[in-house]
Amino acid sequence: MADYTVAELMAVCLAREIKDGDRVLQGLYSPLPMMACLLAKNFHAPNMVYFNTSDVIDPEPTEVPFSTAGPALQERAVAYIPLWQTFDLAQRGELDLIFLGAAQVDKYGNTNLSAIGPYEKPKVRLPGGAASAHLCAIMDTVIWVPRHNARILVEKVDFITGQGYLTGGKAREEAGIPKGGPRKVVTNLCIMDFEPETKAMRLVSLHPGVTLEEVKENTGFDLIIPDKMETTEPPSKEELEFMRQIDPKGVRELEFH
């Protein structure tokens, strides 16, 4: 039996996508990316720059708050910056990566946070993507999905809120979006990336205890399956200790309740 939770595994998987020196934006209501940024900063990427939507840069909270815009995330920050200036930095190419959640994600990494069903008369009206349409056009994205199922991982999103690789291949470049694009998709079952030529989603690794059939049954399209199947590396003892010390109330688990 694993001595870590799925939330802790996902947070570490997201953190591993941050390279030392990356300038990373974590959006509102994103407890797993918040934890991922703090993990990366304290372990393998000390020179990453963490932009939080509570208008601060590189906070060092003693305890993570329930809101990702909470005052605790201003503790020991190196600078304060209005959110519009953060977006301005992104526009100038001075941010590298943003974490992105969605109600739907399709095989080419397009995300939907706008509407389920026809946009003009939807079954469900979603909250919208805020600045994701702008940021997805100019930054790399890592998508996280706490509940991997065929209603979220779909063949084609009902509405593109955040641009992935559109219809695949060179469609993104042909649409005049030369920069950015999805790097990875991290779910509660596995990690996926995008095949370089087709830009279709490809399985990278299965989380410990998860079977290939389980992933296939819960994905609404045919994934590209590698010849050799990898298993996701679990969190280290030190990473688990850090998360449990900085998050005694279990904020990292909120998306799984």
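Here the structure is shown first, and the text comes after it.
Cut-offs used in this document
- Residues numbered from 1 in each chain as written.
- Predicted model: local features only at pLDDT ≥ 70, side-chain atom pairs only at ≥ 80, totals over all residues.
- Heavy atoms only, no water.
- Buried < 20%, exposed > 50% of the residue type's maximum accessible area, 1.4 Å probe, protein only.
- Helix = DSSP H or I, 4+ residues; strand = E, 2+ residues; numbered from the N terminus.
- Arc of directions from axis to C-beta.
- Contact = heavy atoms within 4.5 Å.
- Axes fitted to C-alpha atoms, helices over the stretch in contact; angles between N-to-C directions.
- Parallel < 35°, antiparallel > 145°, perpendicular 65-115°, else oblique.
- Left-handed = near helix turned anticlockwise from the far one by under 90°.
- Nonpolar A, V, L, I, M, F, W, Y, C, P; charged D, E, K, R; others polar.
- Core = buried A, V, L, I, M, F, W, Y, C linked by side-chain atoms within 4.5 Å.
- Pairing = 2+ DSSP bridges.

A word on helix H3 (residues 83-91)
Then, in step 1: All buried positions along H3 are accounted for by Thr86, Leu89 and Ala90. In a view along the axis of H3, the buried residues occupy a sector of 100 degrees, so they form one face of it.
Then, in step 2: Elements in contact with the buried residues of H3: strand E1 (23-26), strand E2 (49-52) and helix H4 (132-135).
Then, in step 3: Backbone geometry just after H3 places Gly93 at a positive phi near 80 degrees.

Things to note about the environment of Gln245
Then, in step 1: Counting through the fold element by element, Gln245 comes out in helix H7 (residues 237-246).
Then, in step 2: Considered as a pair, Gln245 and Thr62 are 183 residues apart in the sequence and their alpha carbons are 8.8 Å apart.

A few points about the packing of helix H2 (residues 31-42) against H7
Then, in step 1: In contact at an axis separation of 11 Å, H2 and H7 are set at 125 degrees when each is read in the N-to-C sense. With respect to H7, the axis of H2 lies oblique. The element H2 and its partner H7 pack so that their crossing is right-handed. Between H2 and H7, the residues in contact are Met35, Leu38, Leu39 and Asn42 and Glu239, Phe242, Met243 and Ile246, respectively.
Then, in step 2: When grouped by side-chain class, the residues that make up the contact of H2 with H7 number 6 nonpolar, 1 polar and 1 charged.

What to know about the nonpolar core
Then, in step 1: The biggest cluster of nonpolar side chains holds 35 residues, and the ones touching the most others in it are Leu14, Ile18, Leu39 and Phe99.
Then, in step 2: For this core, the secondary structure elements donating two or more residues are helix H1 (6-16), H2, strand E5 (97-100), strand E10 (140-145) and H7.
Then, in step 3: The residues contacting Leu14, other than those within four sequence positions of it, are Leu32, Pro33, Ala36, Phe99, Val142, Trp144 and Val186.
Then, in step 4: One finds Tyr165, Cys190, Phe194 and Val210 within the second-largest nonpolar core, a separate group that totals 22 residues.

Considering the pairing of E5
Then, in step 1: Neither face of E5 is left uncovered, since the one carrying Leu97 and Phe99 and the one carrying Ile98 and Leu100 both have all their residues buried.
Then, in step 2: Looking at chain direction, E1 and E5 are connected through 2 bridges and run parallel. Paired with Leu25 across the two strands is Ile98, which belongs to E5.
Then, in step 3: Where E5 and E10 come together, 4 bridges link them in parallel fashion. The residue bridging Leu100 from the neighbouring strand is Ile143, located in E10.

The values are spatial; any link to function lies outside them.
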